[in-house]
Amino acid sequence: MKLVFFDIECAGVHKTYAKICAFGYVVCDGQFNILEKEDILINPRGRFELTNRKGEKGIILPYEYSEFKKHPSFPAVYERIKALLEDKNTYVFGHAVLNDVKYLNLETRRFKLPSFRFRFNDSQLLFMSYKNDFSRQFGLEFIASELGVEFTPHRAADDAYATMRVVEAMCKVNNCGFEELLKLYRIKSGKIENYNITRPLSEGLKGYERQRKSDKEQRSRARIKFNNYYLKKRVVKGGRLGGATFTFSRAIEDDISVSLALVDKIYANGGRYTQQVEACAYFVKTEGDTSGRAKSASSRKNVKMLEIADLEKLLND
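Residues numbered from 1 in each chain as written. Predicted model: local features only at pLDDT ≥ 70, side-chain atom pairs only at ≥ 80, totals over all residues. Heavy atoms only, no water.

Enquirer: What exactly am I supposed to notice about the pattern of salt bridges here?
Expert: Where charged atoms from two side chains of opposite charge come close, those side chains can pair. This model, assessed by the stated rule, comprises 22 salt bridges. Across the pair R47 and E49 runs a salt bridge whose closest N-O atoms are separated by 3.6 Å. Owing to a relative accessible area of 60%, R47 belongs among the exposed residues under this scheme. K172 serves as the salt-bridge partner of E168, at 3.8 Å between the closest nitrogen and oxygen. One end of the pair is E168 and the other is K172, both in helix 6 (residues 156-174) and 4 residues apart, which spans about a single turn. Residue classification places E168 among the buried positions, given a relative accessible area of 13%. Three or more residues joined by partner-sharing salt bridges are found here, namely K19, R47 and E49. (Salt bridge = Lys/Arg side-chain N within 4 Å of Asp/Glu carboxyl O. Buried < 20%, exposed > 50% of the residue type's maximum accessible area, 1.4 Å probe, protein only. Helix = DSSP H or I, 4+ residues; strand = E, 2+ residues; numbered from the N terminus.)

Enquirer: Looking at this structure, how should I read the sheet that holds strand 11 (residues 272-273)?
Expert: Hydrogen bonds along the backbone pair up the strands of a sheet, which may run parallel or antiparallel. The strand order across the open sheet formed by 4 strands is 11-10-12-13, and the pairing between neighbours is parallel. Where the open sheet ends on each side, the last strands, each with one partner, are strand 11 and strand 13 (304-307). Of the pairings in the sheet, the one linking strand 10 (residues 245-248) to strand 11 comprises 2 bridges and is parallel in character. Within the sheet, the bridge partner assigned to T245 lies in strand 11 and is R272. Packed on one face of the sheet, helix 10 (residues 256-268) meets strand 10 and strand 11 and runs near 175° to strand 10. (Pairing = 2+ DSSP bridges. Contact = heavy atoms within 4.5 Å. Axes fitted to C-alpha atoms, helices over the stretch in contact; angles between N-to-C directions.)

Enquirer: Where do I start with the nonpolar core in this structure?
Expert: Judged by nonpolar contacts, the single largest core of 31 residues is most densely connected at L3, F5, F32, F93, L126, V167 and L181. Looking at this core, the elements with two or more residues in it are strand 1 (2-14), strand 2 (17-29), helix 4 (123-131), helix 5 (140-147), helix 6 and helix 7 (178-184). Among all residues touching F32, those that are not within four sequence positions of it are L3, F5, M164, R165, V167, E168, C171 and F178. In this structure, F6, I20, V101 and F116 belong to the second largest nonpolar core, which totals 29 residues. (Core = buried A, V, L, I, M, F, W, Y, C linked by side-chain atoms within 4.5 Å.)

Enquirer: For this particular structure, what's the right way to read the confidence of the model for the protein?
Expert: Averaged over all residues, the pLDDT of the protein equals 92, while 97% of them reach at least 70. Taken as a whole, residues 52-56 scores under 50 in pLDDT and shows 2 contacts with residues more than four places along the chain or in a different chain. (pLDDT = per-residue confidence, 0-100.)

Enquirer: Explain the side chain of T108 to me, please; I cannot follow it from the model alone.
Expert: If you trace the backbone, T108 turns up in helix 3 (residues 97-110). Of the polar contacts made by the side chain of T108, one reaches the backbone oxygen of N105; its length is 2.8 Å. Leaving out residues up to four positions away in the same chain, T108 has contacts with F74, Y78, L113, P114, F116 and Y195. (Polar contact = N/O pair within 3.5 Å; in protein donor to acceptor, adjacent residues only side chain to side chain.)

Enquirer: I tried to follow the pairing of strand 2 on my own but got confused; where do I start?
Expert: Along any regular strand the residues' side chains alternate between the sheet's two faces. The element strand 2 is largely enclosed, with a buried count of 11 among its 13 residues. In the sheet, strand 1 pairs with strand 2 via 11 bridges, with the strands oriented antiparallel. Among the inter-strand pairings, F6 is bridged to a residue of strand 2, identified as Y25. What sits between the antiparallel neighbours strand 1 and strand 2 is a turn of 2 residues. When strand 2 meets strand 3 (residues 34-41), the two strands line up antiparallel, connected through 7 bridges. Considered in strand 3, the bridge of C28 is made with I34. Hairpin remark: strand 2 followed by strand 3, antiparallel, with 4 residues in the connecting loop; positive phi at F32, about 65°.

Enquirer: I would appreciate a short explanation of the sheet that holds strand 7 (residues 190-193) in the present structure.
Expert: Spatially, 7 strands are ordered 3-2-1-4-5-7-8 in an open sheet, and the strand pairing comes out mixed. The open sheet has two edge strands with one neighbour each: strand 3 and strand 8 (196-198). The average angle at which neighbouring strand axes cross in this sheet is 25°, direction not considered. In this structure, strand 1 lies alongside strand 4 (residues 90-94), joined through 4 bridges in parallel fashion. Note that in strand 4 the partner of F5 across the bridge is F93. Of the strands in this sheet, strand 4 and strand 5 (118-122) are in contact with helix 4, which crosses strand 5 at around 40°. Relative to strand 2, helix 6 is tilted by about 45°, and along the sheet it contacts strand 1, strand 2, strand 3 and strand 4.

Enquirer: It is not clear to me how the packing of aromatic side chains should be interpreted in this structure. Could you clarify?
Expert: The way to describe two aromatic rings as a pair is by their centre distance and the angle between their planes. All told, the structure shown has 22 aromatic pairs when counted by the stated rule. On the numbers, 6.2 Å between centres and 45° between planes, the contact of F226 with F248 is tilted. Highlighted residues: F226 in helix 8 (residues 203-231) and F248 in strand 10, separated in sequence by 22 residues. Taken together, the ring pairs connect F74, Y78, F111, F116, F118 and F120 into an aromatic cluster. When the ring centre of Y161 is taken as reference, the NZ or CZ atom of K37 above it lies at 4.9 Å. (Phe/Tyr/Trp six-rings, centres within 6.5 Å; stacked < 30°, edge-to-face > 60°. Lys NZ or Arg CZ within 6 Å of the ring centre and 35° of its normal.)

As structure tokens, this is what we get:
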């Protein structure tokens, strides 16, 4: 049984194309002994679009861009890549591999070629399962640094090599082979067939997503209850807050065991509540709140920022 690790670089990605300019791969045996390593350079048949519209936030590929024009376009290397990925005696891996599989899908459609058909696994998902942290996307450079793997970012074959070393390192940590590693984290491989793609999953990720969905539904119910509650309140005329308007951060609104009682006190003291940050005199947040809502409030000269303890003091004085 062999393993193929691959990575793709593109001259530009759009919803209808993914001008692939480099397909890098490493083939190794089950003990991670390298059998092949190569960068297949490809003429992207179009200009390079590696920045946003402002010319910012672009990646820099470690190639001379003029070099790509000397190489064949995607249709000429399609069969070679297809044979490499569709070998039935091969496990296919990539890092954040769903993106690369989508690029292959876009290019086959662009050049009217038959769909790829293979299963694939994701080293990023493996690392997230290993760390039991699905709240963020771990980049290859971060993981490689943590595991002591050196490589040149954005050189496709080197990214593929680093992906291989990441999987190898996780096998060593767990004292198992790659097949046992997939079973350990209960990985379900992704698949591409007939231009349809299913993503790789693990039991840990499915559990995380179920919890996120449950938390979102709970926040939604709490938000509806909070909105219905404060909208029925009436200002107490003559109260010492003099109609001053308050807005809470979302985190406080969603904690109705706290927010409803605070709304009661605000209205009892002659204040009122609004969800419009631009219309409030006081914005109440939790410590360390860096949300967009809090940033918007702090940027307004007429808004005073409070934490819950400050609001309690204001209401009780």
